[in-house]
Amino acid sequence: MRIDIITVLPELLASPFEHSIMKRAQSRGLLEVHLHNPRDYTPYKQGQVDDYQFGGGAGMVMMPEPLAILLDKLKAERTYDEVIFMTPDGVLFNQKAANTLSLKENIIIICGHYKGIDDRIRQHYVTMEISIGDYVLSGGELAAAVVVDAVGRIIPGVLNDETSALFDSFQDGMLAPPVYTRPADFRGWPVPDILLCGDPKKIDDWRQEQSIKRTGERRPELLKDM
Ligand code: 6GU
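Visitor: Describe the overall build of the chain, listing the residues and the values that go with them.
Guide: Each helix and strand counted, the chain has seven helices and nine strands in total. Across its three principal axes, the chain shows a C-alpha extent of roughly 70 × 40 × 35 Å. Of all 226 residues assigned to the chain, the portion counted as buried reaches 40%. Taking contacts inside the chain between residues at least 6 apart in sequence as the whole, the part at least 24 apart equals 75%. With an accessible surface of roughly 13,300 Å², the chain has 54% of that area assigned to carbon and sulfur atoms.

Visitor: Can you explain the nonpolar core? Please cite residues and give values.
Guide: Ile-5 and Ile-109 are the most contacted members of the largest nonpolar core, which totals 30 residues. Elements represented by at least two residues in this core include exactly β1 (2-6), α1 (20-27), β5 (82-92), α3 (95-101), β6 (106-111) and α5 (141-152). With seven residues, α5 is the largest single contributor of residues to this core. Sequence-distant contacts of Ile-5, defined by excluding residues within four places in its chain, comprise Leu-13, Phe-17, Val-33, His-34, Leu-35, His-36, Ile-109, Cys-111 and Val-148. With 18 residues, the next largest nonpolar core counts Leu-71, Leu-74, Tyr-80 and Val-126 among its residues.

Visitor: Which residues make up unusual backbone geometry, and what values go with them?
Guide: Glycine aside, a negative phi is what most residues show, and trans is what most peptide bonds show. In the segment running from Arg-182 into Pro-183, the intervening peptide bond is cis, with an omega of 0°. Inspection of the secondary structure puts Pro-183 in the loop between α5 and β8 (185-186). Here Gln-46, not a glycine, exhibits a phi torsion of approximately 55°, which is positive. The phi dihedral of Arg-187 is positive, around 55°, even though this residue is not glycine. When you line up the elements, Arg-187 lands in the loop between β8 and β9 (189-190).

Visitor: Give a description of the pairing of strand β2 (residues 32-36) that names residues and reports values.
Guide: By the bridge criterion, five bridges tie β1 to β2 in an arrangement that is parallel. Across the sheet, Arg-2 pairs through a bridge with Glu-32, a residue of β2. Taking the sense of rotation as the criterion, the β-α-β connection linking β1, α1 and β2 turns out right-handed.

Visitor: Hey, could you go over the domain arrangement of the chain for me, with residue numbers and the actual values?
Guide: Domain annotation for the chain reports domain 1 (2-152) and domain 2 (169-224). Computed from C-alpha atoms alone, the centre-to-centre distance between domain 1 and domain 2 is 37 Å.

Visitor: How would you summarise the site of the ligand if you had to cite specific residues and measurements?
Guide: Residues in close proximity to the ligand include Met-86, Thr-87, Pro-88, Ile-130, Ser-131, Ile-132, Gly-133, Tyr-135, Leu-137, Gly-139 and Ala-143, which together make up its full environment. Within the side chain of Ser-131, an N or O atom sits 3.4 Å from a nitrogen atom of the ligand. Of the residues that constitute the shell around the ligand, the class distribution is seven nonpolar, four polar and no charged.

Visitor: Can you break down the packing of aromatic side chains residue by residue, with the values?
Guide: The full count for this structure, using the stated rule, is one aromatic pair. Taken together, a centroid distance of 5.5 Å and an interplanar angle of 70° make the contact between Phe-186 and Trp-189 edge-to-face. Given the relative accessible area of 39%, Phe-186 is considered partly exposed.

What counts, and where the lines are drawn
- Residues numbered from 1 in each chain as written.
- Predicted model: local features only at pLDDT ≥ 70, side-chain atom pairs only at ≥ 80, totals over all residues.
- Heavy atoms only, no water.
- Helix = DSSP H or I, 4+ residues; strand = E, 2+ residues; numbered from the N terminus.
- Buried < 20%, exposed > 50% of the residue type's maximum accessible area, 1.4 Å probe, protein only.
- Contact = heavy atoms within 4.5 Å.
- Areas by Shrake-Rupley, 256 points an atom, 1.4 Å probe, with all protein chains shown as cover.
- Core = buried A, V, L, I, M, F, W, Y, C linked by side-chain atoms within 4.5 Å.
- Pairing = 2+ DSSP bridges.
- Right-handed = clockwise from strand over helix to strand, strands pointing away.
- Domains from an automatic or database assignment.
- Near = heavy atom within 4 Å.
- Polar contact = N/O pair within 3.5 Å; in protein donor to acceptor, adjacent residues only side chain to side chain.
- Nonpolar A, V, L, I, M, F, W, Y, C, P; charged D, E, K, R; others polar.
- Phe/Tyr/Trp six-rings, centres within 6.5 Å; stacked < 30°, edge-to-face > 60°.

Structure, rendered in structure tokens:
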């Protein structure tokens, strides 16, 4: 999968994909992340990419030309499955959306800044608008990093133990059960006995039960969807 990210702050996205699972996804050739700065494509002097909004009002808007020139260039090089715009007024991102995106070949992610981007880019280029939650971030970069991470880790072949994603919170619409490691007794706080019993069936049942209990306590609305 190839992800092209359009951002006026590529420095902000330099490190998130250079570690751990995102690094492995790329070194295995399963994920490619490319950063592009619209400033390198602007026809305006001094690298201008934003301007005052028509009609007045506080806040700058990203101008259409730098984005359109860059988008045209990318789209001439390959076919994209989606052109995604990161925006707090987009559709809420969730595990199902991550699963769907992980099956795509090529996607573009546009990070908004300032007051946003000229609406004509949204009308004529963008195919999908994503928000990562009901709060406002100062730009789309951190949200894009969240989406790339959530999508990248579930590309088939990325996780070492293929089953480990199956037990993630939300992968089956439920929260994950608690986990423990050594020591079996830490400061007098013991690991639940059942995890040491050696019976995989009993352990599985206990995890399932814990999963349901946690989901009921913390996110009861998830159980209603099942
Ligand atoms: Cl995608 N962008 C911004 N700027 N703020 C957000 C967001 C995106 N999702 C939630 N808040």
